[in-house]
Amino acid sequence: MVPETKLSPEQHQKLSRIVYKESGIVLNEKKYNLLVARLAKRMRIKKISRVSDYIRLISTSPDEFIEFIDATTTNHTYFFRENKHCEFIIKTMDNTKPLKIWSAASSSGEEPFSIAVQLLSNLFSFTIYATDISGSVLRQCQKAIYPKERVKNVPLSILHTYFQKGTGKWQDHVKVKSKVQQNITFEKFNLLSDTPVETFDIIFCRNVMIYFDTPTRQKVVNSLGRALKSGGYFFVGLSENLHGLEHNLSLVLPSGYKKK
Ligand SMILES: C[S@@+](CC[C@H](N)C(=O)[O-])C[C@H]1O[C@@H](n2cnc3c(N)ncnc32)[C@H](O)[C@@H]1O
C-alpha cells in the first residue's frame, strides 16, 4: 500500500501542533519533508493510505499516538560523540566521590555507555540515569547491542575490556558487558512534561534542544537547572548554547556550564 504523501496546510499544521505540544519538537515548513517521511512510515505500518484516517487514528488510539511521537524524533548518535565533555569530567572531578549523572535524551544508549566505560576505566564510582522520550530507542538501550561501525571511535583497550564481540549471525555486532550496564538505569522521560525528582552532579542534555524553540529551551533549562546540584556541570551539544536564555550557569568550556 502506498500512502498519500501530500499534506494539506491544515493537516500539516494539525500534525506539527500535536508534535510540538507533546515533545517540544518544531516541525515547521522547513521540516515538511521530514514530517511526511516519518508519517508515511507509520501509515505503511498501520496499512492506512489516507492522512485524514491516520489523524483520526492518533486522536483515538493512545498507543498509536505514542508511536507517532516516537517516529518524529531524530535519534542520531554514536559512541564517544563530543567526547571533550567526558574528558573534562575525568580530568577535573574527584574519583573518590560517587557521581550522579543524568543523560537526558540518551537516544539508543551510546552516550551513557560511552561515559560509563570511561568512568569505569578511571576508577570512578557512579550511577547514570539515562532517559529519552522515545520508547523504541530505550528498548535498544536495554539490549545494549550495536553494529560494529557504531564503535569505530572507541579506543581498542576500552573496546576489549567493556564490549563483547558477537558471533555467528551477530558477528558484525558488539554487546556492552553487564558490568557497564549495571551502573545505568534507563527510563522514559519527557523533558517537556516530566519533573525530575532527584538532583545530579552532572547533566548531559546534548543535541536535543536544537529541535526546540526558545520558550521550550527555556522551560527545559529551568527544569534541568533545578535538578543540578550547586557546583554541578551541565553539558549541551557542541553546536548548541544557552544564548538568550535565563539561567544561573557559567560557561566553563565549549558547551559546558557550571552551576553557581
Ligand atoms: C539526536 S539524539 C541525541 C542523543 C545524544 N544525546 C547525543 O548527543 O548523541 C536526540 C534525542 O532527543 C530525544 N528527545 C526529543 N524530544 C525529547 C523530549 N521532549 N524529551 C526527551 N527526549 C527527547 C529523541 O528521542 C532523541 O533520542
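Residues numbered from 1 in each chain as written. Predicted model: local features only at pLDDT ≥ 70, side-chain atom pairs only at ≥ 80, totals over all residues. Heavy atoms only, no water.

Asker: Could you give me a rundown of helix α1 (residues 9-23), with the residues and numbers involved?
Answerer: Spanning 15 residues, α1 covers 21 Å between terminal C-alpha atoms, matching the ideal 21 Å at 1.5 Å per step. When α1 is considered as a whole, its buried residues turn out to be Gln11, His12, Leu15, Ser16, Ile18, Val19 and Ser23. Each buried residue of α1 lies within a common arc of 150 degrees when the element is viewed along its axis, so the set occupies one face. Facing away from the buried side of α1, by more than 90 degrees, are the exposed residues Pro9, Glu10, Arg17 and Lys21. Looking at the buried residues of α1, the elements they touch are α2 (32-45), α3 (51-60) and α4 (62-71). Downstream of α1 by one or two residues, glycine 24 has phi in the positive range, about 85 degrees. (Helix = DSSP H or I, 4+ residues; strand = E, 2+ residues; numbered from the N terminus. Expected span 1.5 Å × (residues − 1). Buried < 20%, exposed > 50% of the residue type's maximum accessible area, 1.4 Å probe, protein only. Arc of directions from axis to C-beta. Contact = heavy atoms within 4.5 Å.)

Asker: Could you give an account of the site of the ligand, naming the residues involved and the relevant values?
Answerer: Lining the immediate environment of the ligand, one finds 21 residues, of which Thr77, Arg81, Ala105, Asp132 and Asn207 sit closest. Taking aspartate 132, its side chain carries an N or O atom lying 2.5 Å from an oxygen atom of the ligand. Between the ligand and arginine 206, the relevant distance is 2.9 Å, taken from a nitrogen atom to a main-chain nitrogen or oxygen of the residue. Residue composition of the shell around the ligand, grouped by class: seven nonpolar, 10 polar and four charged. (Near = heavy atom within 4 Å. Polar contact = N/O pair within 3.5 Å; in protein donor to acceptor, adjacent residues only side chain to side chain. Nonpolar A, V, L, I, M, F, W, Y, C, P; charged D, E, K, R; others polar.)

Asker: With reference to specific residues and values, describe the packing of aromatic side chains.
Answerer: Taken as a whole, this structure holds 13 aromatic pairs when the rule is applied. Where phenylalanine 88 meets phenylalanine 235, the ring centres are 6.4 Å apart and the plane angle is 80 degrees; that geometry is what we call edge-to-face. With phenylalanine 88 in helix α5 (residues 84-92) and phenylalanine 235 in strand β8 (residues 228-235), this pair connects stretches of sequence that are 147 residues apart. Phenylalanine 235 matches phenylalanine 88 in its accessibility class, with the two residues each being buried. Here a set of aromatic residues connected by ring pairs shows up, and it is made of Phe79, Phe113, Tyr146, Phe163 and Phe186. Here the basic side chain of lysine 100 rests over the ring of phenylalanine 200, its NZ or CZ set 5.3 Å away from the ring centre. (Phe/Tyr/Trp six-rings, centres within 6.5 Å; stacked < 30°, edge-to-face > 60°. Lys NZ or Arg CZ within 6 Å of the ring centre and 35° of its normal.)

Asker: Now, about the domain arrangement of the protein chain: what can you tell me, with residues and values included?
Answerer: If you check the domain split of the protein chain, you get domain 1 (9-71) and domain 2 (84-259). The C-alpha-based centres of domain 1 and domain 2 are spaced at 28 Å. The contact between domain 1 and domain 2 buries some 820 Å² in all, and 47% of this surface belongs to carbon and sulfur atoms. On the domain 1 side of the interface with domain 2, the three residues burying the most area are Tyr20, Ser23 and Asp70, jointly 43% of the side's total. Where domain 1 meets domain 2, there are zero salt bridges. Remark: the boundary between domain 1 and domain 2 carries seven residue pairs in polar contact (both at pLDDT 80 or more). Secondary structure elements with two or more residues in the side of domain 1 that touches domain 2: α1 and α4. (Domains from an automatic or database assignment. Buried area = accessible area lost by both parts, 1.4 Å probe. Salt bridge = Lys/Arg side-chain N within 4 Å of Asp/Glu carboxyl O.)

Asker: Describe in detail the sheet that holds strand β5 (residues 173-176), supporting the description with residues and values.
Answerer: One open sheet holds the three strands; their spatial order is β3-β5-β4, and the pairing between them is antiparallel. Since the sheet does not close on itself, it has two edges, and those belong to β3 (145-147) and β4 (163-165), each with one partner. Here the average twist between neighbouring strands, direction ignored, is 35 degrees. Alignment of β3 against β5, held across three bridges, turns out to be antiparallel. Along β5, the bridge assignment pairs tyrosine 146 with valine 174. (Pairing = 2+ DSSP bridges. Axes fitted to C-alpha atoms, helices over the stretch in contact; angles between N-to-C directions.)

Asker: Please set out the environment of threonine 74 residue by residue, giving values where relevant.
Answerer: Position of threonine 74 relative to the elements: it lies in the loop between α4 and α5. Residue threonine 74 is classed as partly exposed on the basis of its relative accessible area of 33%. Taking the C-alpha atoms as reference points, threonine 74 and glutamine 164, 90 residues apart in sequence, are found 27 Å from one another. With near-sequence residues (within four places) excluded, threonine 74 lies in contact with Arg38 and Tyr211. Within polar-contact distance, the side chain of threonine 74 engages the side chain of arginine 38 at 3.4 Å.

Asker: Tell me what's going on with the packing of α5 against helix α6 (residues 110-121), and back it up with residues and numbers.
Answerer: Interhelical geometry of α5 versus α6 gives an angle of 25 degrees and a closest axis separation of 10 Å. What the angle tells us is that α5 and α6 run roughly parallel. When the axes of α5 and α6 are compared, the crossing they make is right-handed. Of α6, the residues touching α5 (which contributes Cys86, Ile89 and Ile90) are Ile115, Gln118 and Leu119. Residues belonging to the contact of α5 with α6 are distributed by class as follows: five nonpolar, one polar and no charged. (Parallel < 35°, antiparallel > 145°, perpendicular 65-115°, else oblique. Left-handed = near helix turned anticlockwise from the far one by under 90°.)

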